[in-house]
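Structural features, examined
If you want the building blocks of each chain, they are given just below.
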Amino acid sequence: MAEFDVQECYKVAMELVKTAGKLVREAINKKKNIEIKSCAIDLVTESDKAVEKLLISGLSSSFPDHKFIGEESVSAGEKCVFTDAPTWIIDPIDGTMNFVHSFPHTCISVGLWVNKDAELGIVYNPVLEQMFTAIKGEGAFLNGEKLSVSGETELAKSLIFAEMGSSQDAEKMDTVITNLTTLLPKVHGLRAMGSCALNMCYVATGGGDAYYEFGIHAWDTAAAYLVVKEAGGVIVDTEGGPFDLMNRRVLCASTQQLAETLSKILKQYQPERDGVSK
Ligand code: LIP
């Protein structure tokens, strides 16, 4: 097993994330080179690629034995392999569509998982200067202030984050619309801001009570998973069972009761898992 010192990992990752944040901040209001990935609403820019390169090369030079799962490396054809080895799971720009449109709700997401468990998570919105951090067992923080979830148990009093996603698959889009239609008359409000990691972090702050999405990837949830957990929140599969990082479905909530209520109401959808060889 490779050497693993969580404090050292946190220190190195934090410096790299701050440097990457400068790239994102400088690029967000400029013209971007945009490429299409799986479909017309699944995009990548040169900044996504540059940030991922910066993070992976910096982390691998400090931790040569560690493994990586990065959104853009996987898109470029690298295998998405999740083992017990220390693995950095990286979304260089979560909320790429927002970034493309210069909407400042976008972030860098870096999680470290060891033995298939989350050890540290950093989610950074460099435009709004929001640094969400968590180390296992040490709590979750926003710019150094300790976070805790709202504790809301009732669906009728909840502000829920939902997302449209970046797939134009007909069954997926139907699931999204059905769930919005079902929930709208039952909740305080629904919001869709375009970043899985930030949605999860806002559940951790208590600014929202729950979030669900079908079709996210491991890199969207890997870091914020720990932020939510350390803030006292619950992360499960959309059907209510244990969360599976590679299964592309997430439901997080401020309480177990709210998670259970939501999981029973949601129409379900199963995307193809991450890591399936093509
Ligand atoms: C995004 C997710 C978001 C989802 C988008 C997309 P990306 O990640 O954070 O929740 O709705 O479709 O997957 O692609 O910007 O890293």
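Residues numbered from 1 in each chain as written. Predicted model: local features only at pLDDT ≥ 70, side-chain atom pairs only at ≥ 80, totals over all residues. Heavy atoms only, no water.

1. A short note on the sheet that holds strand β14 (residues 249-253)
Going by this rule: Whether two strands pair comes down to DSSP finding at least two bridges between them. Secondary structure counts use DSSP, requiring at least four H or I residues in a row for a helix and at least two E residues in a row for a strand, with both numbered from the N terminus. Each axis is a line fitted through C-alpha atoms, and for a helix only the stretch in contact is used; angles between axes span 0 to 180 degrees, taken between their N-to-C directions. Contact criterion: two residues are considered in contact whenever any of their non-hydrogen atoms come within 4.5 Å of each other.
The 5 strands lie next to each other as β11-β10-β12-β14-β13, forming an open sheet whose pairing is mixed. Edge strands, defined here as strands with exactly one partner in the open sheet, are β11 (189-191) and β13 (234-236). Looking at each pair of strands side by side, their axes are set apart by 20° on average, direction ignored. Looking at chain direction, β13 and β14 are connected through 3 bridges and run antiparallel. Its bridge partner being in β14, Val 234 is matched across the sheet by Ala 253. Contacting β11 and β12 (210-214), helix α5 (residues 170-183) runs over the sheet at an angle of about 155° to β12. Where helix α6 (residues 196-205) meets the sheet, its contacts fall on β10 (159-161), β12, β13 and β14, and the angle it forms with β12 comes to roughly 155°.

2. Comments concerning the side chain of Ser 263
This is how it is decided: For the purposes of these results, a polar contact is taken to be a pair of N or O atoms within 3.5 Å, where, inside protein, one atom must be able to donate a hydrogen and its partner to accept one; residues adjacent in sequence count only when each atom of the pair is a side-chain atom.
Looking at the secondary structure, you find Ser 263 in helix α8 (residues 256-265). At a separation of 2.9 Å, a polar atom in the side chain of Ser 263 contacts the main-chain carbonyl oxygen of Glu 260. In this structure Ser 263 touches Thr 238, Glu 239, Gly 240, Leu 251 and Gln 268, once residues within four positions along its chain are discounted.

3. Some points on the site of the ligand
In plain terms, the rule: Whether a residue is near a molecule or strand is decided by its heavy atoms; if any one of them lies within 4 Å of it, the residue is near. To measure how exposed things are, a 1.4 Å probe is used in the Shrake-Rupley method; for residues, cover is taken only from the protein chains shown. Three residue categories are used. Nonpolar comprises Ala, Val, Leu, Ile, Met, Phe, Trp, Tyr, Cys and Pro, charged comprises Asp, Glu, Lys and Arg, and polar comprises the others, including Gly. What fixes the domain bounds is an automatic or database domain assignment.
Within the structure, the ligand sits among 15 residues, and Asp 91, Asp 94, Gly 95, Cys 196 and Glu 213 are positioned closest to it. Asp 91 places a polar side-chain atom, nitrogen or oxygen, 2.7 Å from an oxygen atom of the ligand. Between the ligand and Thr 96, the relevant distance is 2.7 Å, taken from an oxygen atom to a main-chain nitrogen or oxygen of the residue. Protein contact buries 91% of the 380 Å² of open area that the ligand shows by itself. Those elements that place two or more of their residues in the shell around the ligand are β4 (87-94) and β12. Among the elements that take part in the shell around the ligand, β4 stands out by supplying 3 residues, more than any other. Considering only residue class, the shell around the ligand consists of 3 nonpolar, 6 polar and 6 charged. No fewer than three residues from each of domain 1 (6-146) and domain 2 (155-265) sit in the shell around the ligand.

4. Thoughts on the side chain of Gln 130
Under the convention used in this document: Accessibility here uses a 1.4 Å probe with only protein chains present; expressed as a share of the type maximum, an area under 20% marks a residue as buried, one over 50% as exposed, and anything in between as partly exposed.
Assignment of secondary structure puts Gln 130 in strand β7 (residues 130-135). On the accessibility criterion, Gln 130 (15% relative accessible area) is buried. At 3.0 Å, the side chain of Gln 130 and the side chain of Tyr 202 are in polar contact. Look past the residues within four positions of Gln 130 in its chain and what remains in contact with it is Val 123, Tyr 124, Asn 125, Leu 142, Asn 143 and Tyr 202.

5. Side note on the domain arrangement of the protein chain
Rule in force here: Buried area: the sum, over both parts, of the accessible surface (1.4 Å probe) that disappears when the two are put together.
Domain parsing of the protein chain yields domain 1 (6-146) and domain 2 (155-265). Inter-centroid distance (C-alpha atoms) of domain 1 to domain 2 is 20 Å. In this assembly, 42 residues from domain 1 lie in contact with 27 residues from domain 2. Taking both sides of the interface into account, the surface hidden between domain 1 and domain 2 amounts to around 2600 Å²; carbon and sulfur atoms contribute 71%.

6. Structural notes on unusual backbone geometry
At Ser 102, a residue that is not glycine, the phi angle is positive and equals roughly 60°. Residue placement: Ser 102 occurs in the loop between α4 (96-100) and β5 (107-114). Take Ser 102: its relative accessible area is 29%, and that puts it in the partly exposed class. With a phi angle near 65°, Arg 248 is a residue other than glycine that sits in the positive phi range. Structurally, the position occupied by Arg 248 is in the loop between β13 and β14.

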